[in-house]
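Descriptive analysis of the structure
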Amino acid sequence: MHNNNLKLHLQYSTIVTCNKQPAGWANMETSGRIATTPDALDFTVENVEKGLHQLYYDPNIENKNLAQKWLMQAQVSPQAWQFCWALLSPDKVPEIQYFGASALHTKISRYWSDIPSDQYETLKTQLFSQIACFSSGSKMVLTRLCVALASLALNTMPEVWPGAVPEMVRVFQEEGGGVDGRARCLALLELLTVLPEEFQTSRMPQYRKGQVRGALGREWGSVCPLLQQLLRQGDSPGAVKARVLRCLSSWVLLDVPLSESEGLVEDCFTALPDPELFDTAVEAIVNAISQPDSQRYVNTLLKLVPQVLSLQEQLREAVQNGDMETSHGICRIAVALGENHSRALLEQVAHWQGFLALVNMIMFCTGIPGHYPVNETTSSLTLTFWYTLQDDIMSFDCERQAVYLQVYRPVYFQLVDVLLHKAQFPSDQEYASWSSDEKEQFRIYRVDISDTLMYVYEMLGAELLSNLYEKLGRILTNTEQASSWQHTEALLYGFQSIAETIDVNYSDVIPGLIGLLLRININNVQLADTVMFTIGALAEWLADHPVMLSSVLPLVLQALGNPDLSISSVSTLKKICRECKYDLPPYASNIVAVSREVLSKQIHKTSQCMWLMQALGFLLSALHVEEILRNLHSLITPYIQQLEKLADETPNPSNKLAIIHILGLLSNLFTTLDISKQEDESGESTAPPVKTAPLPPGPNPVVVVLQQVFALIQTVLSKWLNDSQVVEAVCAIFEKSVKTLLHDFAPMVSQLSEMLGQMYSTIPQASALDLTRQMVHIFARETDHFPPIKALFELVTSVTLSIFQQGPRDHPDIVDSFMQLQAQALKRKPDLFLSESLDVKAVFHCGLLSLKFPEAPTVKSTCLFFTELLPRCSDVPPVARVVQENGKLLLQAVLEAIGGGSSRSLMEQFAEVLFSLNKHCFPLLTVWLKEALQAQGFPSTRVTTEQKDTFTQQILRERVNKRRMKDIVKEFTLVCRGLHGTEYAAEYCL
């Protein structure tokens, strides 16, 4: 049927002529709209035109969407062969013609196997004819027709159509058809341009792609002379030359040897002075020299170096005239040559001066005048080049490396100066005029510069820090000539960039730097920010030199009260409290007092308030317990009083936010307040032993506070139990405390277990299950705490089972957390499954249901549950009984998922379940596999009995190598889905 339609309508298309004028769309009859379902309407020419009119002109978005969906189905339907040629009729408007051309391309590219081989020649002839017709018509239709013919060529070369490109050239060079030579030439160039592009985007099997790539590579011999002739002809119109350059860009992406395109690339340089050809010439040059294979052609690259250097005058003129597009384009060429071929050019020792000149040209581009991104956008292109050049220099053997470093170390010191100049902020007035987007781009640009400086340090070493220190010292001590704050800030930014990631503890300039920091007249937010971040970057150094803390802490605490310095001051204090906590007790009361005042004024955003609490947690961890309790009391009493007041109020959105904020502050404080590490870490500190006296017996300070506020938290919960965010915030306090304190949390296990049980029984929420999981993980093995943990585990399990009975689909988060809890229980304390109060069979069936959830995290957690459950068949009798009676259902669920019921991304998890079944239930699995796979069409209608037998044998053999099991499952799922052997499958199996 399809083939007959194709034959009929290829013949029909021959009566179409090229001299009719398209009618306006308004003349089209458009009574009624297309039907809402594709089955309700035939895909006829008239209906397709109605659908297109509805897509373009119907104001109703729903009708537009319906039309688009219907037209997409029309495009891939068998009837497309009937309407596509008719839609190309010259009396149609371009939008209709474009759809016809697109339908043709879709049929050829995606449904090539539907086309009988005896129709290839007719189809090719008609496409040539249509391209000739549209060579003087709509450009967008012409391009789609060229893409359709390109797709046909790719499907038929090299066997059926071995000389595709020469024939294309010959057909379009023949005169006739009433089409002028210029239009024929442009049409041919468009066709030659889209041919490699269509190859790049086509989805053909890898072996076929290799064949076609080879065939296209051989066709370059026909394309290159044509392009060269057209580019060198003095009378070639600008439009033709531009198309030639585009065509070259397209072909070089096929890894055409640079030596074979050398002449054309040189011709591209002669096109650069022409403003109309500049952009396309740049693109062609950059594409040609950026191909990975081009580094083999060193002689050609050496010829290109002077060509690129000859652009320096044009570059300088562009910079002087503010011509950003030209300077950007020339910079792209220089960087492409340098970045892609630095090693090859470095190795040409005889030509070292030429390459050094290229490096200096790129340096000029890095330091191009103006502020990024407002006055220039070029300098950012060069940063990767400096990484590449450094890597290549440092990769040589020591002897050669020393020679190169003699030449290039001065270059890199110059680069540091250039980068720090580019990192400088503009004047306050100019910066205030920038948009928020420009400021954000500048921030990202400075981060890129910071990363580059950090990398350059690997080459320049300690001398770089000394260099920066000397410059900073000169400008801060020069009383005769005042320096701008921007200059000072940029030098500090350089220090910060290096100190953030490099160990500067050995550096002898840091003490002097701290002294210079104190001399800075901080009268600007950006400068103050950088001072703060620099101090933060030196936190580890301060831990080794605590005598300097007294100098920097006043700066940090003063900045803490400035909302404009919120992020920098809080993050710096947090770093200092984390790294230097054993040296901070003398300053603790002052830090706590300033922090308490800042928090009470509410000048910081929520996230910074949380960081500040974490900082205080680190700080308090190093104090005596009595001091901790005293500071905790002064710090959190105002919040406890506020929480008491809020607990008495009627719930509303305003007091909900306040409650969550207070609970968050407590959570973050308890996250880092850990006195158990005092004895472990104090030995590494320079602090005197008296600061970390042995821990006294008694409850942990965090537990003391939690016990004091426990009743209050219960009161809050009683009013907000319906609100998942408040419940989450409450659970977070205890979860973070449990994670930090571990066994020190023991005194609260009983009352927290009771509260969790009440919470979950009233309104089940995932956060309560997550906290229960933490409790099971830490306390289930402890004899004293096993009873409350057991009671809690059985209670939440029972409640969750009732949720499954009612329908768990609306609670994927609860199901996910429940499966994780069950897995944890099996791992930490399988004895929990010996209890008569626990319905193991019901839990097992919940797992079977959960395997079919669409949410990937839920399925992963459920697979984890089963991989923990199956090994327990040997030592937990209730588990053994359930698996023996219901294991076949588990296998069927896993096979169904592999057969196509679940996402391919989950196959590794299902493979692990299969592996566990094979390892721990081998005799049963042998029977179950045979029975399950006997069913016709299971797990997929695409697999044969032989393939299922092979799969069974592979599975049963694999009891040791889990990686091999995953490969077997991945391969079988592709067979089940009809994807085996495709290019997509090859990518999936990597």
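- Per an unreviewed UniProt entry, the recorded name for the protein is Importin-13, and the organism is Oncorhynchus tshawytscha.
- Under the heading Sequence similarities (unreviewed entry), UniProt records this for the protein: "Belongs to the importin beta family."
- Recorded in UniProt for the protein, the comment headed Subunit (unreviewed entry) runs: "Interacts with UBC9, RAN, RBM8A, eIF-1A and PAX6."

**As for the overall build of the protein**
- For the protein, the helix and strand inventory stands at 47 helices and zero strands.
- C-alpha extents for the protein along the principal axes are approximately 100 × 90 × 60 Å.
- Within the protein, residue pairs in contact and separated by at least 24 positions form 75% of the contacts whose partners lie at least 6 positions apart.
- Counting every atom, the protein has about 43200 Å² of accessible surface; 50% of that belongs to carbon and sulfur.
- Charged side chains in the protein number 79 positive and 106 negative. The centres of these two groups are separated by 6 Å.

**Regarding the environment of His 604**
- Here His 604 is to be found in the loop between helix 29 (585-601) and helix 30 (606-621).
- For His 604, the contacting residues outside a window of four places in its chain are Leu 560, Asn 562, Ser 566, Val 570, Val 598 and Cys 609.
- Reaching out from His 604, the side chain makes a polar contact with the backbone oxygen of Leu 560 at a distance of 2.9 Å.

**Points about the nonpolar core**
- In this structure, Tyr 408 and Phe 734 are the most contacted members of the largest nonpolar core, which totals 341 residues.
- When near neighbours in sequence (up to four residues on either side) are disregarded, Phe 734 contacts Leu 706, Phe 710, Ile 713, Phe 745, Met 748, Leu 752, Met 755 and Leu 771.

**With respect to the pattern of salt bridges**
- Going through the model one piece at a time under the given rule, you end up with 35 salt bridges.
- Glu 46 is paired through a salt bridge with Lys 50; the nearest N and O atoms lie 3.6 Å apart. In this pair, Glu 46 and Lys 50 are both assigned in helix 2 (residues 45-57), four residues apart and thus about one turn of the helix distant.
- Of the residues examined, Glu 46 reaches a relative accessible area of 51% and is grouped as exposed.
- Here Lys 50 falls in the buried class, since its relative accessible area comes to 16%.
- Between Lys 124 and Glu 167 there is a salt bridge whose closest N-O contact spans 3.5 Å. Of this pair, Lys 124 sits in helix 6 (residues 120-134) while Glu 167 sits in helix 8 (residues 164-173), placing them 43 residues apart in sequence. Each member of the pair, Lys 124 as well as Glu 167, carries the same accessibility label: buried.
- Put simply, Glu 908, Glu 912, Arg 963, Lys 966, Asp 967 and Lys 970 are held in one network by salt bridges that share partners.

**Some remarks on the packing of helix 16 (residues 324-346) against helix 18 (residues 383-394)**
- Across the interface, helix 16 lies against helix 18 with an axial gap of 9 Å and an inter-helix angle of 25°. Considering the angle they form, helix 16 stands roughly parallel to helix 18. Where helix 16 crosses over helix 18, the two elements pack in a sense that is right-handed. Here Gly 338, Glu 339, Ser 342, Arg 343 and Leu 346 of helix 16 come into contact with helix 18, specifically with Thr 384, Phe 385, Thr 388, Leu 389, Asp 392 and Ile 393.

**Some details on the UniProt feature "domain: Importin N-terminal" (unreviewed entry) in the protein**
- Within this numbering scheme, the UniProt entry marks residues 67-133 as carrying the feature "domain: Importin N-terminal" (unreviewed entry).
- Annotation note: span residues 67-133, helix share 73%, strand share 0%, distance between end C-alpha atoms 29 Å.

**Remarks on helix 10 (residues 206-232)**
- In this model, helix 10 (27 residues) spans 38 Å end to end at C-alpha, consistent with the 39 Å of a helix rising 1.5 Å per residue.
- Along helix 10, the largest kink reaches about 35° and is centred on Gly 221; proline Pro 225 follows within four residues of it.

**Here we look at unusual backbone geometry**
- With an omega dihedral of 0°, the bond running from Met 157 to Pro 158 counts as a cis peptide bond.
- Looking along the chain, the bond that leaves Tyr 372 and enters Pro 373 is cis, with omega of 0°.
- Inspection of the secondary structure puts Pro 373 in the loop between helix 17 (352-366) and helix 18.
- Positioned with a positive phi, Asp 255 is a non-glycine residue whose angle comes to about 65°.
- Looking at the secondary structure, you find Asp 255 in the loop between helix 11 (238-252) and helix 12 (262-271).
- With a phi close to 55°, Gln 602 is a non-glycine residue in the positive phi region.

**Some words on the confidence of the model for the protein**
- Per-chain confidence: the protein averages 89 in pLDDT, with 92% of residues scoring 70 or above.
- The low-confidence segment residues 1-17, where pLDDT is below 50, has 29 contacts with residues more than four positions distant or belonging to other chains.
- Low pLDDT, under 50, characterises residues 34-40; the stretch is placed with 15 contacts to residues that sit more than four places away or in other chains.

**Details of the packing of aromatic side chains**
- Applying the stated criterion across every chain yields a total of 23 aromatic pairs.
- With a centroid separation of 5.3 Å and 80° between ring planes, the pair formed by Phe 844 and Phe 866 is classed as edge-to-face. Residue Phe 844 is located in helix 40 (residues 840-850), and its partner Phe 866 is located in helix 41 (residues 856-869); the two are separated by 22 residues in the primary sequence.
- With a relative accessible area of 0%, Phe 866 lands in the buried category.
- Seen in terms of ring centroids, Phe 951 and Phe 972 are 3.9 Å apart; in terms of plane orientation they differ by 5°. Their pairing is stacked. Taken together, the residues span a long stretch of sequence, with Phe 951 in helix 45 (residues 945-957) and Phe 972 in helix 46 (residues 962-976) at a distance of 21 residues. Per residue, the accessibility class of Phe 951 equals that of Phe 972, and both read buried.
- Taken together, the ring pairs connect Tyr 372, Phe 425, Tyr 431, Trp 434, Phe 442, Tyr 445 and Trp 485 into an aromatic cluster.
- Seen from the ring of Phe 364, Arg 316 lies directly overhead, with NZ or CZ sitting 5.5 Å from the centre.

**Description of the environment of Cys 731**
- Residue placement: Cys 731 occurs in helix 35 (residues 724-741).
- Of the residues examined, Cys 731 reaches a relative accessible area of 1% and is grouped as buried.
- As for Cys 731 and Val 882, which are separated by 151 residues in sequence, their C-alpha atoms are 33 Å apart.
- Sequence-distant contacts of Cys 731, that is, excluding residues within four places in its chain, are made with Met 759, Ser 767, Ala 768 and Leu 771.

Quick notes on the rules
- Residues numbered from 1 in each chain as written.
- Predicted model: local features only at pLDDT ≥ 70, side-chain atom pairs only at ≥ 80, totals over all residues.
- Heavy atoms only, no water.
- UniProt positions renumbered as here; feature names shortened; annotations may be inferred.
- Helix = DSSP H or I, 4+ residues; strand = E, 2+ residues; numbered from the N terminus.
- Contact = heavy atoms within 4.5 Å.
- Areas by Shrake-Rupley, 256 points an atom, 1.4 Å probe, with all protein chains shown as cover.
- Lys, Arg positive; Asp, Glu negative; His and termini not counted.
- Charge placed at Lys NZ, Arg CZ, Asp CG, Glu CD.
- Polar contact = N/O pair within 3.5 Å; in protein donor to acceptor, adjacent residues only side chain to side chain.
- Core = buried A, V, L, I, M, F, W, Y, C linked by side-chain atoms within 4.5 Å.
- Buried < 20%, exposed > 50% of the residue type's maximum accessible area, 1.4 Å probe, protein only.
- Salt bridge = Lys/Arg side-chain N within 4 Å of Asp/Glu carboxyl O.
- Axes fitted to C-alpha atoms, helices over the stretch in contact; angles between N-to-C directions.
- Parallel < 35°, antiparallel > 145°, perpendicular 65-115°, else oblique.
- Left-handed = near helix turned anticlockwise from the far one by under 90°.
- Expected span 1.5 Å × (residues − 1).
- Bend = angle between axes of the 7 residues up to and from the residue.
- pLDDT = per-residue confidence, 0-100.
- Phe/Tyr/Trp six-rings, centres within 6.5 Å; stacked < 30°, edge-to-face > 60°.
- Lys NZ or Arg CZ within 6 Å of the ring centre and 35° of its normal.

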